[in-house]
Amino acid sequence: MDQTPARTAPAAHPAARPIGVGLALAALATVVWSGSFVTSRALHDTVPPVQHAFWRWIIAIAAVAPFAVRQTWRQRAVLRKHLRFLLLASLLGVTVYNTLVNQAGMTTTAGNMGMIMAASPVLMAVYERLGGTRLGARRVTGMLVACAGVLLLVGKGSFAMDFAVGDLWVIAAAFSFGSYSALLRRRPAEIQGLPFLFSTFVLGALMLLPAFVVSYVVQGGFEVTAGTVSPLLYVGVVSSAVAFFAWNKAISIIGAARAGVVYYLQPVCVALLSFAVLGEAMGWLQVLCMGLILGGVVLGAARTK
């Protein structure tokens, strides 16, 4: 009888599974956030931008609280110790970023918002390179290919940029989000994920409160209907609580630069959603540029052997 032991399949690379999980979490957050651009555009004439942002975070706080309050209370000393870091993260990722996106929705399309937001991965990569992280030729090439697709899409087939006022608001939002994502890599290890998420939501909402009061006094409130409440529940629970947790976890696993390459999928998701939900136009140029973006994402997010 042959006693030769059966050959076993070669063990998977130890980094393959964590990188795969990180990429999946980054993709989940990206797809979910794509819907928030559509809701920003859909609510532009019914809910003032600041009130949209404020109620989003109030809903997010309510959604996360049952799971996070106890851990946050246990970590209160650690959170006080790193309060400056938390305030900066809250300002960039909660108070400023989404408020600017909602403001942009007043004067530009959801498709444009998604496309221009794809500039934020470039900033993430620059921050990582300045921090000493070596990006690699494949990731840089993928980033450039995806970026070219975005620029062609915004420029309607050329690299000549013609920005509306809303587009400029989105550019500012892209810088805010890119800075927030890069900052996450410096999150103190002693701060756990849920307490970090919950505390940034609370601090960000508190910093937004004065602007909310001014908006309410000057512009008045909005009519509470299924058409306004349903989108707010989506952005509060799914786009905030779920997506921010997934994105923060993804960056802790694979870094901001690689997660940023996956974020290039957002223009594709937003274009498809805005076409399906809002009826925004999509032609051969959009399809071509989506191909470039997807190709760049596959190239740039692949694991280097």
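Below: a short report on this structure. (Residues numbered from 1 in each chain as written. Predicted model: local features only at pLDDT ≥ 70, side-chain atom pairs only at ≥ 80, totals over all residues. Heavy atoms only, no water.)

**Details of the packing of helix α4 (residues 83–104) against helix α9 (residues 193–219)**
For any two helices packed against each other, one specifies the crossing angle of their axes together with the interaxial distance. Our working rule: Axes, fitted as lines to C-alpha atoms, cover a helix only where it is in contact. Angles between the N-to-C directions of the axes lie from 0 to 180 degrees. Counting from the N terminus, the helices are DSSP H or I runs at least four residues long and the strands are E runs at least two residues long. What makes a crossing left-handed is the near helix being turned counterclockwise from the far one by less than a right angle; a clockwise turn instead makes it right-handed. In this description, contact between two residues means that some pair of their heavy atoms is separated by no more than 4.5 Å. For this scheme, ten residues count as nonpolar: Ala, Val, Leu, Ile, Met, Phe, Trp, Tyr, Cys and Pro. Four count as charged, namely Asp, Glu, Lys and Arg, and the remainder, Gly too, count as polar.
Interaxial distance between α4 and α9 falls to 8 Å at its minimum, and their mutual angle equals 65°. Crossing angle aside, the handedness with which α4 passes α9 is right-handed. Counted together, Leu83, Phe85, Leu86, Leu87, Ala89, Ser90, Leu91, Val94, Thr95 and Thr99 of α4 and Phe196, Ser199, Thr200, Phe201, Leu203, Gly204, Ala205, Met207 and Leu208 of α9 form the full contact between these two elements. For the contact of α4 with α9, the class distribution of residues is 13 nonpolar, six polar and no charged.

**Concerning the pattern of salt bridges**
Note the threshold: Salt-bridge detection follows one rule: a side-chain nitrogen of Lys or Arg within 4 Å of a carboxyl oxygen of Asp or Glu.
All told, the structure shown has one salt bridge when counted by the stated rule. Here glutamate 190 and lysine 81 are joined by a salt bridge, their closest N and O atoms 3.4 Å apart. Placement of the pair is glutamate 190 in the loop between α8 (165–184) and α9 and lysine 81 in helix α3 (residues 76–81), with a sequence separation of 109 residues.

**Things to note about the environment of alanine 62**
Counting through the fold element by element, alanine 62 comes out in helix α2 (residues 49–74). Residues alanine 62 and phenylalanine 198, 136 residues apart in the sequence, show an inter-C-alpha distance of 9.6 Å.

**Thoughts on the packing of aromatic side chains**
Where we set the bar: Stacked, edge-to-face and tilted are the three classes for Phe, Tyr and Trp ring pairs, Trp counted by its six-membered ring, which pair at centre distances within 6.5 Å; planes under 30 degrees apart are stacked, over 60 edge-to-face, the rest tilted. The classification of residues rests on relative accessible area computed with a 1.4 Å probe and restricted to protein chains. Under 20% of the type maximum is buried, over 50% is exposed, and intermediate values are partly exposed.
Inspection of every chain in the model, using the stated rule, returns 15 aromatic pairs. Aromatic side chains tryptophan 57 and phenylalanine 201 sit 5.0 Å apart centroid to centroid with 50° between the ring planes, which places their arrangement in the tilted category. With tryptophan 57 in helix α2 and phenylalanine 201 in helix α9, this residue pair connects regions lying 144 residues apart in the sequence. Judged by relative accessible area, phenylalanine 201 falls into the buried class, the value being 0%. Their ring planes at 75° and their centres at 5.5 Å tell us that tryptophan 57 and phenylalanine 244 sit as a pair that is edge-to-face. One end of the pair, tryptophan 57, is in helix α2; the other, phenylalanine 244, is in helix α10 (residues 226–263), with 187 residues separating them in the sequence. For the residue pair tryptophan 57 and phenylalanine 244, the accessibility class agrees, reading buried in each case. Pairwise contacts between aromatic rings join Trp33, Trp57, Tyr97, Phe177, Tyr180, Phe201, Phe244 and Trp247 into one cluster.

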